[in-house]
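Next come the chains, spelled out residue by residue.
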Amino acid sequence: MSRVINFSPGPATLPLSVLEEVRDELIDFRGSGMSLLEHSHRGKDYEAVHNAANADLRELLSIPDTHTVLWMQGGATGQFAFVPMSFLGGGVADYVNTGSWSKKAFESAKFYGEPRWAGTGKEGDKFVRAPMTLDLSADAKYVHLTSNATIMGIQYDAFPDVGDKPLVADMSSDLLWKPLDVSKFALIYAGAQKNLGPAGVTLVIARKDFIEQGAKDFPEIFQYRYIAENDSLQNTPPTFAIYMVGKVLKWVKANGGAAGMEARNRKKGELLYGLIDAHPEFFRCPVEQGSRSVMNAVFRLPTEELEAQFLAETKAAGMVNLKGHRSVGGVRVSMYNAMEPENVAKLVEFMDAFRKKHG
Ligand SMILES: *Cc1c(COP(=O)(O)O)cnc(C)c1O
């Protein structure tokens with residue numbers, strides 16, 4: 001077996017032990033004589049998987065009783081629409097701009113009201129920070145931010161104070177990277193395929209009284225309330241994706257929980273940014289200290305030719321998917337929870353040797 005080191009921004013690398021367990025259970029799920037793929041979402045085998053995933057997520061993030069967990073479809077991009085559909089109602093909402101994903105969320109909200117920018121991380125022509133000071137509007141229905149800007153490599157470590165405004169966060173690329181005070185949020189959403197599992201399921205953690213206030217003038221399937229009432233079983237959920245997220249959650253539990261993930265992730269970030277900061281003449285990270293993402297580190301090399309050479313050589317060495325997003329160029333190192341610290345160490349060693357040769 002030869003597996004590469006996959007630094008993909010998403011769908012992203014999964015823990016090998018999870019893939020092996022899934023393989024072993026694929027044909028005959030726990031002695032039931034059929035694959036989980038073939039089980040009814042109303043049967044007791046799947047019910048156990050569903051309930052365990054819920055319980056484990058609640059435990060790992062200490063989700064309070066005020067909040068409910070939903071397993072939805074349509075991706076984070078679907079949430080860009082579901083949120084304003086439910087909560088904007090022709091009114092104003094405050095959005096925080098940290099690049100491409102927040103812009104998409106903003107554009108989608110225009111169909112249902114008047115989103116406005118309450119803060120930006122942009123300086124000149126680059127996004128450089130996760131803004132902590134926001135210019136909030138008194139009548140905003142909610143405040144929306146992206147906890148980790150996957151393309152720009154910008155992450156909130158602590159969140160801005162929004163007073164009593166409902167805070168909505170797109171946590172697609174960092175939910176569960178560390179412990180989180182869920183009570184601060186009215187609604188959190190995350191496509192699973194970056195930090196939590198495979199593509200196909202979108203996690204939502206929402207305050208029950210908030211979703212109760214959501215609009216009702218469109219089909220129930222798009223209403224958070226209805227999905228909550230039915231424990232995400234109003235129609236056939238993506239059972240296999242939920243099963244795999246459940247396995248990843250068990251893996252997180254076995255590796256120290258959310259605090260264990262934070263220690264792992266900070267270690268990887270220190271390794272990578274440590275080298276970048278030690279050689280600013282060779283590695284240029286556009287993002288300010290304090291806003292640099294430990295999930296997706298972005299940087300440039302002295303020339304585009306060197307960048308192309310770096311990508312070719314790392315690929316030949318079994319380290320793949322390091323190319324920066326087409327809108328920003330350069331190199332992007334995605335190192336979500338499942339990325340082993342020793343693999344980041346291997347890349348950093350390679351980066352240093354490359355610098356010595358070409359610097
Ligand atoms: C990947 C990503 C999205 C889009 O997710 P889909 O599940 O493909 O819709 C949205 N927001 C952020 C922050 C992302 O990283």
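Residues numbered from 1 in each chain as written. Predicted model: local features only at pLDDT ≥ 70, side-chain atom pairs only at ≥ 80, totals over all residues. Heavy atoms only, no water.

**Section: helix α7 (residues 239–254)**
- For α7, which comprises 16 residues, the first-to-last C-alpha distance of 23 Å matches the rise-based estimate of 22 Å (1.5 Å per residue) to within 8%.
- Where burial is concerned, most of α7 is hidden: twelve out of the 16 residues are buried.
- Among the residues of α7, those classed as buried are Thr239, Ala241, Ile242, Tyr243, Met244, Val245, Gly246, Lys247, Val248, Leu249, Trp251 and Val252.
- Residues of α7 that are buried make contact with α1 (16–25), α2 (44–60), β2 (67–72), β12 (202–207) and α8 (257–278).
- Following α7 by one or two positions, Gly256 has its phi on the positive side, about 90°. (Helix = DSSP H or I, 4+ residues; strand = E, 2+ residues; numbered from the N terminus. Expected span 1.5 Å × (residues − 1). Buried < 20%, exposed > 50% of the residue type's maximum accessible area, 1.4 Å probe, protein only. Contact = heavy atoms within 4.5 Å.)

**Digging into the pairing of strand β4 (residues 114–120)**
- Here strand β3 (residues 92–97) pairs with β4 via six bridges, running parallel. Note on β4: the bridge partner recorded for Ala93 is Pro115.
- The parallel pair β3 and β4 is bridged by helix α4 (residues 100–109), and the resulting crossover is right-handed. (Pairing = 2+ DSSP bridges. Right-handed = clockwise from strand over helix to strand, strands pointing away.)

**Focus on the nonpolar core**
- In this structure, Phe7, Leu61, Leu175, Val333 and Met351 are the most contacted members of the largest nonpolar core, which totals 81 residues.
- Among residues more than four places away in sequence, those in contact with Val333 are Phe7, Leu272, Met295, Asn296, Ala297, Phe299, Leu322 and Leu347.
- Residues Phe80, Tyr95, Phe106 and Val204 belong to the second largest nonpolar core, which totals 26 residues. (Core = buried A, V, L, I, M, F, W, Y, C linked by side-chain atoms within 4.5 Å.)

**Topic: the packing of helix α9 (residues 304–316) against helix α10 (residues 341–358)**
- Two elements in contact, α9 and α10, have axes whose closest approach is 12 Å; the angle formed by their N-to-C orientations is 135°. Relative to α10, α9 is oriented oblique. Here α9 and α10 pass one another in a crossing that is right-handed. Mapping the contact onto sequence places Leu306, Gln309, Phe310, Glu313 and Thr314 in α9 and Leu347, Phe350, Met351, Phe354 and His358 in α10.
- Among the residues making up the contact of α9 with α10, the classes are represented as six nonpolar, three polar and one charged. (Axes fitted to C-alpha atoms, helices over the stretch in contact; angles between N-to-C directions. Parallel < 35°, antiparallel > 145°, perpendicular 65-115°, else oblique. Left-handed = near helix turned anticlockwise from the far one by under 90°. Nonpolar A, V, L, I, M, F, W, Y, C, P; charged D, E, K, R; others polar.)

**A look at a nonpolar patch on the surface**
- A surface patch of nonpolar side chains, about 310 Å² in accessible area, is lined by Leu26, Ile27 and Leu37.
- With respect to the helices, strands and loops of the structure, Leu37 is situated in the loop between α1 and α2. (Patch = residues over 30% accessible without salt bridge, like charges linked within 9 Å, V, L, I, M, F, W, Y side chains within 5 Å. Areas by Shrake-Rupley, 256 points an atom, 1.4 Å probe, with all protein chains shown as cover. Salt bridge = Lys/Arg side-chain N within 4 Å of Asp/Glu carboxyl O.)

**Here's the deal with the site of the ligand**
- The ligand sits among 13 residues. The nearest are Thr77, Thr150, Asp170, Gln193 and Lys194.
- Contacts to the ligand include Ala76, whose backbone N or O atom sits 3.2 Å from an oxygen atom.
- Within the side chain of Lys194, one N or O atom sits 2.7 Å away from an oxygen atom of the ligand.
- Across the complex, the protein chains shield 87% of the 390 Å² of accessible surface that the ligand would expose by itself.
- By residue number, the principal contributor to the shell around the ligand is helix α3 (residues 75–87), which donates four residues. (Near = heavy atom within 4 Å. Polar contact = N/O pair within 3.5 Å; in protein donor to acceptor, adjacent residues only side chain to side chain.)

**Side note on the domain arrangement of the chain**
- The assigned domain composition of the chain is domain 1 (17–254) and domain 2 (257–358).
- Between the C-alpha centres of domain 1 and domain 2 there is a distance of 27 Å.
- The interface is formed by 26 residues belonging to domain 1 together with 27 residues belonging to domain 2.
- Both sides together, the interface formed by domain 1 and domain 2 hides about 2100 Å², and carbon and sulfur atoms give 55% of it.
- The largest contributions to the domain 1 side of the interface with domain 2 come from Ile151, Trp177 and Trp251, which together make up 27% of the buried area.
- Where domain 1 meets domain 2, there are two salt bridges.
- The closest approach of N and O atoms between Arg266 and Asp157, which form a salt bridge, is 3.2 Å.
- At the junction of domain 1 and domain 2, the tally comes to 15 residue pairs in polar contact (both at pLDDT 80 or more).
- Looking at the side of domain 1 that touches domain 2, the elements that each hand over two or more residues are β6 (126–127), β9 (154–155) and α7. (Domains from an automatic or database assignment. Buried area = accessible area lost by both parts, 1.4 Å probe.)

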